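# Observations on chain architecture
If you want the building blocks of each chain, they are given just below.
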Amino acid sequence: MIIAKNFFSIINLKTLIYFCKIFFMKNDNIRVRFAPSPTGPLHIGGVRTALYNYLFAKQHNGTFILRIEDTDRTRFVPGAQEYIIESLRWCGIIPDEGVSAGGDFGPYIQSERKDIYTQYAQQLLDSGNAYYAFDTADELEQMREALLKDKHETFQYDAAHRLSMKNSLTMTAEEVEQWLKSDKPYVIRFKMPANEQLTINDMIRGEVHVNTATLDDKVLFKSDGMPTYHLANIVDDHLMKISHVIRGEEWLPSMPLHVMLYKAFGWESSMPEFAHLPLLLKPDGNGKLSKRDGDRLGFPVFPLRWPLDVNKEEIASGYRESCYYPEAFINMLALLGWNPGSEQEIFSMQELINTFSMERVGKSGSKFDPEKAKWFNKQYLLKQPDAEICKEAIPYLHGKENLYDTKTLEKICGLIKERLHFVKEIWEQVHFFFEAPTTYDEKAVHKRWKEGTSSTMNNLIEVIKNIEPYNINECDTTINAWITSNELNLGTVFNSLRLCLVGELKGPHIFDIMDIIGKEETIRRIETAAKIINY
RNA sequence: GCUGCAUUCGUCUAGUGGUCCAGGACAUCAGAUUCUCAGUCUGAGGAUCGAGGGUUCGAAUCCCUCAUGCAGUACCA
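The structure displayed is predicted, hence computed values, not measured ones. (Residues numbered from 1 in each chain as written. Chains lettered and ligands numbered in written order. Predicted model: local features only at pLDDT ≥ 70, side-chain atom pairs only at ≥ 80, totals over all residues. Heavy atoms only, no water.)

## Some words on the overall build of chain A
Regarding its fold elements, chain A presents 21 helices and 14 strands. Taking 2.2 N^0.38 as the reference for a compact globule, 535 residues should give roughly 24 Å; the C-alpha atoms of chain A span a radius of gyration of 33 Å, well beyond that estimate. Within the span of chain A, comprising 535 residues, buried residues form 47% of the whole. In chain A, the share of contacts with a sequence separation of at least 24, taken over all contacts with a separation of at least 6, comes to 71%. Surface accessibility of chain A: about 27,100 Å² in total, with carbon and sulfur atoms responsible for 52%. (Helix = DSSP H or I, 4+ residues; strand = E, 2+ residues; numbered from the N terminus. Rg over C-alpha atoms; globule rule 2.2 N^0.38 Å. Buried < 20%, exposed > 50% of the residue type's maximum accessible area, 1.4 Å probe, protein only. Contact = heavy atoms within 4.5 Å. Areas by Shrake-Rupley, 256 points an atom, 1.4 Å probe, with all protein chains shown as cover.)

## Description of the environment of Ile-389
You can see Ile-389 is positioned in helix 13 (residues 386–393). Accessibility expressed as a relative area gives 1% for Ile-389, which makes it buried. Taking the C-alpha atoms as reference points, Ile-389 and Ala-436, 47 residues apart in sequence, are found 24 Å from one another. Discounting residues that sit within four places of it in the chain, Ile-389 has contacts with Leu-381, Gln-384, Cys-413, Lys-417 and Val-423.

## Focus on the confidence of the model for chain A
Predicted coordinates in regions of low pLDDT should not be interpreted in detail. When the pLDDT values of chain A are averaged, the result is 90; 94% of them are 70 or greater. Contacts of residues 1–24 to residues separated by more than four positions or lying in other chains number 5 contacts, the stretch itself having pLDDT below 50. (pLDDT = per-residue confidence, 0-100.)

## Things to note about the protein's contact with RNA strand B
Neighbouring RNA strand B are 57 residues, the closest being Lys-222, Asn-339, Glu-345, Arg-419 and His-509. Sugar and phosphate atoms represent 74% of those atoms of RNA strand B found within 4 Å of the protein. The separation between a phosphate oxygen of RNA strand B and a polar side-chain atom of Thr-71 is 2.8 Å. Here a base nitrogen of RNA strand B sits 2.7 Å away from a polar atom, N or O, in the main chain of Gly-507. When contributions to the surface near RNA strand B are tallied by element, the ones reaching two or more residues are strand 5 (187–190), strand 7 (206–211), strand 14 (366–367), helix 12 (370–383) and helix 19 (490–502). (Near = heavy atom within 4 Å. Polar contact = N/O pair within 3.5 Å; in protein donor to acceptor, adjacent residues only side chain to side chain.)

## Here we look at the pairing of strand 6 (residues 197–202)
Side chains Leu-198, Ile-200 and Asp-202 project from strand 6 onto a buried face, and the interleaved Gln-197, Thr-199 and Asn-201 project onto a face without burial. In this structure, strand 6 lies alongside strand 7, joined through 6 bridges in antiparallel fashion. By the bridge assignment for strand 7, Ile-200 is matched with Val-208. Between the antiparallel neighbours strand 6 and strand 7 lie 3 residues. (Pairing = 2+ DSSP bridges.)

## Comments concerning unusual backbone geometry
Glu-468 connects to Pro-469 through a cis peptide bond whose omega is -5 degrees. Although it is not a glycine, Lys-241 sits at a positive phi angle of roughly 55 degrees.

## Concerning helix 8 (residues 255–265)
Most of helix 8 is tucked away: 10 of the 11 residues are buried. For helix 8, the complete set of buried residues consists of Met-255, Pro-256, Leu-257, His-258, Val-259, Met-260, Leu-261, Tyr-262, Ala-264 and Phe-265. Immediately beyond the C-terminal end of helix 8, within one or two residues, lies Gly-266, with a positive phi of roughly 80 degrees.

## A closer look at the nonpolar core
Membership of the largest hydrophobic core comes to 150 residues, with the highest contact counts inside it found for Ile-93, Phe-433 and Ile-479. Looking at which element gives the most residues to this core, the answer is helix 2 (residues 44–59), with 9 residues. When residues of this core are assigned to domains, at least three map to each of domain 1 (113–232) and domain 2 (386–532). Excluding anything up to four places from it in sequence, Phe-433 contacts Leu-403, Tyr-404, Ile-412, Leu-415, Pro-508, Ile-513, Ile-516, Ile-517 and Arg-525. Counting 8 residues, the second largest nonpolar core, distinct from the first, contains Leu-147, Tyr-157, Met-165 and Val-187. (Core = buried A, V, L, I, M, F, W, Y, C linked by side-chain atoms within 4.5 Å. Domains from an automatic or database assignment.)

## Considering empty space enclosed by the protein
Applying the stated criterion to the full structure yields 1 cavity of 30 Å³ or more. In this structure, the largest cavity encloses a volume near 40 Å³. Lining the largest cavity are Ala-393, Leu-397, Leu-409, Ile-412, Cys-413, Ile-426, Val-430 and Phe-434. Going through the elements one at a time, helix 14 (406–416) and helix 15 (426–434) are the ones with two or more residues in the lining of the largest cavity. (1 Å grid on protein atoms, 1.4 Å probe; cavity = no way out; pocket = protein on both sides within 12 Å on 5 of 7 lines; lining within 4 Å. Points joined across faces, edges and corners; volume = space filled by probe spheres on them.)

## Focus: the packing of aromatic side chains
Under the counting rule described, the total for this entry stands at 26 aromatic pairs. Plain terms: the ring middles of Tyr-324 and Phe-422 are 4.7 Å apart, the flat faces sit at 65 degrees to each other, and that makes the pair edge-to-face. Pair noted here: Tyr-324 is in the loop between strand 13 (315–316) and helix 10 (326–334) and Phe-422 is in the loop between helix 14 and helix 15, with a separation of 98 residues, a long-range link. We classify Tyr-324 as buried; its relative accessible area is 8%. Members of the aromatic cluster, connected to one another through ring pairs, are Trp-90, Tyr-319, Tyr-324, Phe-329 and Phe-422. A cation over a ring is seen here: Arg-189 above Tyr-157, with NZ or CZ 3.8 Å from the ring centre. (Phe/Tyr/Trp six-rings, centres within 6.5 Å; stacked < 30°, edge-to-face > 60°. Lys NZ or Arg CZ within 6 Å of the ring centre and 35° of its normal.)

## Points about helix 13
Considered for burial, the residues of helix 13 that qualify are Ile-389, Cys-390 and Ala-393. Seen end-on, helix 13 carries its buried residues on one side only, within an arc spanning 100 degrees. Where helix 13 is buried, its residues contact helix 12, helix 14 and helix 15. (Arc of directions from axis to C-beta.)

Written out as structure tokens, the structure reads:
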């Protein structure tokens, strides 16, 4: 008995500590970053990467950091950084730390960290893991061509070739010093080991094997005085104490380089874990989703709209402007490449945070399915109260919303919401509540308007005139009774009537329409139709 | 070319050696809902698990080979 009691108290204590760690305490060990470059708008693949980073961080009570990687000043696009921040905000992916959020590890914009990189590049130079290279672009090109011509080999600046190039390994110390003192350009390259077998772990793919012989001496520092992505990335991740690097699969080939850099710096023990996310593919054909695919195939690739050219003539549409709910957008994106292992498909952000796991992220790229995206939005639209849909719909009512009071507008929304994927589409479904038809669908007229229909409709007007009080129930009983007593065909009458009121054979229940547009308008529309569609 | 990664219904995916002649969702089609369209409900079709070899009593699941696709191969990220 006592033993059992002790046993349980130990278990409980352990569980309690674990519980506290997971749910209450800020876990300082888990720090992830989303690090886009401000070269244009963030596309949905980028948003998904940000989302997975965010979910992972939140689940472990860790920190989600936003860092801007702008080491290539030539590709800088004004407004892109603001766009990224605003997109994430719209999605509900809010950074805990970084650009716009602040923090103790700043600055979070790489161009503002230039001095830091210089210092670390020097460290690599001093330890013999890097060297100066002086070859011009032309010389490199010549080397490439010569090698291809003579030996059918593709040139790589690597262990096999570096000693026949112009660099601090082949030049005397004086020559190097002289060059560095002059204004002549130079770069700093990483000295990749000649032949080392690497086994690296990826959280999604497991072990990845590479031999350093296949890798080249990547430029770490450019002649313009800025580091390349590779250097900046490693230095920043180390300094910012990043625990997990979660990024797109396009980075997988440079993972060995990054690991080698950690080793060269002597940071191997605190190296982050890597997770390379599969790519998002275009819906038709193969290849990764690109910025022009969306509007070519009729769906947005960007969270927010963005002008594709400087003249703002070609504008790429955005999810926000297409009336997607950010929650639906996030839900759809989360399921593209990850699955919960259950059959649940609708997840709130909190549910995603609770359920997400890297182990359940797939390995192969996913084709984006615009149809499924629409379906997700519909699920969220249907969850909205009618009043909310109504509020969202008003901008799409072409200024005609004043025709009805709020309560009626809400009723209209409730009546038609099930046939909507987006609030934006509402006019198509409600226009006849606001405007009398001016034309009548030809096919429908041909099918539903026979000889004598006009007179039947005129008789119906008399019936409607006498309905009092004028409401759905009264309309229903009176008109049905009239049809029965005159031995008319129900379908014929209703379809003709619908043609008068709507102009085509569509829309909600006929009595709902009659009720909302009112007695006078109903009568007026029947009169007009009976005159215009004359047989 | 080289290097790496991937490969289950049209699409997203479940599946970790027997319960899988492969389950769900989107899309498609049919029936029902006796005014229409839409929706909803019910149902159907749809995957020789990329191909071929092994291992095993037994493989979508493990191993090998090939094919295909994708990514990277920049002083871009």
